[in-house]
Amino acid sequence: MTTLAIDIGGTKLAAALVDSNLRIRERRELPTPASKTPDALRAALQALIAPLQEQVKRVAIASTGIIREGSLLALNPHNLGGLLHFPLLQTLKDLTGLPTLAVNDAQAAAWAEYHALGGEYRDMVFITVSTGVGGGVVSAGKLLTGVGGLAGHLGHTLADPHGPVCGCGRVGCVEAIASGRGIAAAAEGALAGCDAKTIFSRAGQGDEQASRLIHRSARTLARLVADVKAMTDCQCAVIGGSVGLAEGYLALVEHYLAQEPAAYHVELLAAHYRHDAGLLGAALLARGE
Ligand SMILES: [Zn+2]
């Protein structure tokens, strides 16, 4: 059965049909309304799904933020603006009249990556390192979402009590140090104002400060992996995101993880999906798979 999958991000909205073989068809995109008002989002979603919704029997949503009882929340309310408490689930139910499921995008991506492992593992974690650091935990073959939707927000665990203030309001979160934004924010002198992508390319050209910033991110991520191993006894950790999949990054995380005691070592794998893990994971969850 075909599922209408919708991905709601801070900058763009995507929708696609996901068929029973997990193939994505008729992918469409629109910018997330700059006004970030509920009316604008509702109108944009309606325009996005109108050409697709007649072809499906159910809807699956992966969204940025925390999904609590079908509504949008965020650890950093500034990210959502006027969309805080937006009734995501009800809006899509009203627009389509179809059974609808909504889940956090990193949780959805974790579920897609778990599926991609093909049943080899029952306990895994997914960590995406890009602009922020997100995650999802699968324990005994089940995706943990939590009663309030917060489960797996691994980027907001403590990395350094003397570190920078995170967007969520805590001091020294993993995200504030290891993410692309965290890497860029720590750049000084010749690298001040550069984004993470530029800093990676400078590191490739031998720039010492750029290399130090990337090592700091990878070391922070390795410690997070060790913490998560201690908490979940995961059999593998899948790493994704534009920073996580940047050339050489995973090898650096492996290097720093190897310096932790052996009990905290765990197999690190590069994410299988690059862009559509959220759409696919949400579709899988809606199908009960
Ligand atoms: Zn945080």
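To be clear, the structure that these remarks concern was listed above.
Rules of the game
Residues numbered from 1 in each chain as written. Predicted model: local features only at pLDDT ≥ 70, side-chain atom pairs only at ≥ 80, totals over all residues. Heavy atoms only, no water. Helix = DSSP H or I, 4+ residues; strand = E, 2+ residues; numbered from the N terminus. Rg over C-alpha atoms; globule rule 2.2 N^0.38 Å. Buried < 20%, exposed > 50% of the residue type's maximum accessible area, 1.4 Å probe, protein only. Contact = heavy atoms within 4.5 Å. Axes fitted to C-alpha atoms, helices over the stretch in contact; angles between N-to-C directions. Parallel < 35°, antiparallel > 145°, perpendicular 65-115°, else oblique. Left-handed = near helix turned anticlockwise from the far one by under 90°. Nonpolar A, V, L, I, M, F, W, Y, C, P; charged D, E, K, R; others polar. Pairing = 2+ DSSP bridges. Phe/Tyr/Trp six-rings, centres within 6.5 Å; stacked < 30°, edge-to-face > 60°. 1 Å grid on protein atoms, 1.4 Å probe; cavity = no way out; pocket = protein on both sides within 12 Å on 5 of 7 lines; lining within 4 Å. Points joined across faces, edges and corners; volume = space filled by probe spheres on them. Salt bridge = Lys/Arg side-chain N within 4 Å of Asp/Glu carboxyl O.

Novice: I would appreciate a short explanation of the overall build of the protein in the present structure.
Specialist: Helices and strands together make up the secondary structure of the protein, namely nine helices and twelve strands. In terms of C-alpha radius of gyration, the protein reaches 19 Å, essentially the compact-globule figure of 19 Å for 289 residues. For the protein, the spread of C-alpha atoms along the three principal axes comes to 55 × 40 × 35 Å. In the protein, which comprises 289 residues, the share counted as buried stands at 52%. In the protein, of all internal contacts separated by at least 6 residues, the share reaching a separation of at least 24 is 61%.

Novice: Looking at this structure, I do not really get the packing of helix α1 (residues 38-49) against helix α2 (residues 88-96). What am I missing?
Specialist: Any two packed helices are characterised by the angle at which their axes cross and by the distance between the axes. The contact between α1 and α2 brings their axes to 11 Å, and the two run at 45 degrees. The angle between α1 and α2 falls in the class oblique. Helix-helix and strand crossings are classified by hand; for α1 and α2 the assignment is right-handed. Residues R42, L45, Q46 and I49 of α1 pack against L88, T91, L92, D94, L95 and T96 of α2. Among the residues making up the contact of α1 with α2, the classes are represented as five nonpolar, three polar and two charged.

Novice: Can you walk me through the sheet that holds strand β3 (residues 24-31) in this structure?
Specialist: Backbone-to-backbone hydrogen bonds join strands into a sheet, with any given pair of strands oriented parallel or antiparallel. Spatial strand order, β3-β2-β1-β4-β7: five strands in an open sheet with mixed pairing. In this open sheet, the two strands that pair with only one neighbour each are β3 and β7 (100-104). Between one strand and the next, the sheet's axes are offset by a mean angle of 15 degrees, whatever the strand orientation. Across six bridges, the pairing between strand β1 (residues 3-8) and strand β2 (residues 12-18) is antiparallel. The residue bridging A5 from the neighbouring strand is A16, located in β2. Against the sheet, α2 makes contact with β1, β4 (58-63) and β7, and its axis sits at roughly 150 degrees relative to β7, the strand it touches most. The strands that helix α3 (residues 105-116) touches are β1, β4 and β7; relative to β7, the one it contacts most, it runs at about 100 degrees.

Novice: Quick question: what am I supposed to make of the packing of aromatic side chains here?
Specialist: Any pair of aromatic rings gets described here by the distance separating the centres and the angle formed by the planes. For the coordinates displayed, the defined rule picks out two aromatic pairs. Taken together, a centroid distance of 5.1 Å and an interplanar angle of 25 degrees make the contact between W111 and Y114 stacked. Residue W111 and its partner Y114 are both found in helix α3; the two are separated by three residues, about one turn of the helix. On the accessibility criterion, W111 (8% relative accessible area) is buried. Among the residues examined, Y114 registers a relative accessible area of 9% and is labelled buried. Between F200 and Y249 the ring centres are 6.2 Å apart and the planes differ by 55 degrees, which places this aromatic pair in the tilted class. Within this pair, whereas F200 is found in helix α6 (residues 196-204), its partner Y249 is found in helix α8 (residues 249-257), the two being separated by 49 residues in sequence. Of the two residues, F200 and Y249, neither departs from the other in class, the shared state being buried.

Novice: What is the right way to read the layout of surface pockets from this model?
Specialist: Picture a little ball the size of a water molecule; that probe, rolled over the atoms, points out where space is still empty. When its volume is computed, the largest pocket comes out at roughly 1500 Å³. Lining of the largest pocket is provided by 49 residues; of these, T64, D105, T128, S130 and T131 occupy positions nearest its centre. Broken down by secondary-structure element, the contributors of at least two residues to the lining of the largest pocket are β1, β2, α3, β8 (124-129), β9 (133-139) and α9 (277-286). If one sorts the elements of the lining of the largest pocket by residue count, α3 sits on top with four residues.

Novice: Looking at this model, I keep getting lost on the pattern of salt bridges. Mind explaining?
Specialist: Between side chains of opposite charge, pairing is possible as soon as their charged atoms come close. In this structure the tally under the stated criterion is six salt bridges. For K229, the salt bridge is made with D233, and the minimal N-O distance between the two is 2.8 Å. On the accessibility criterion, K229 (13% relative accessible area) is buried. Among the charged side chains, a salt-bridge network with shared partners connects R27, E29 and D276.

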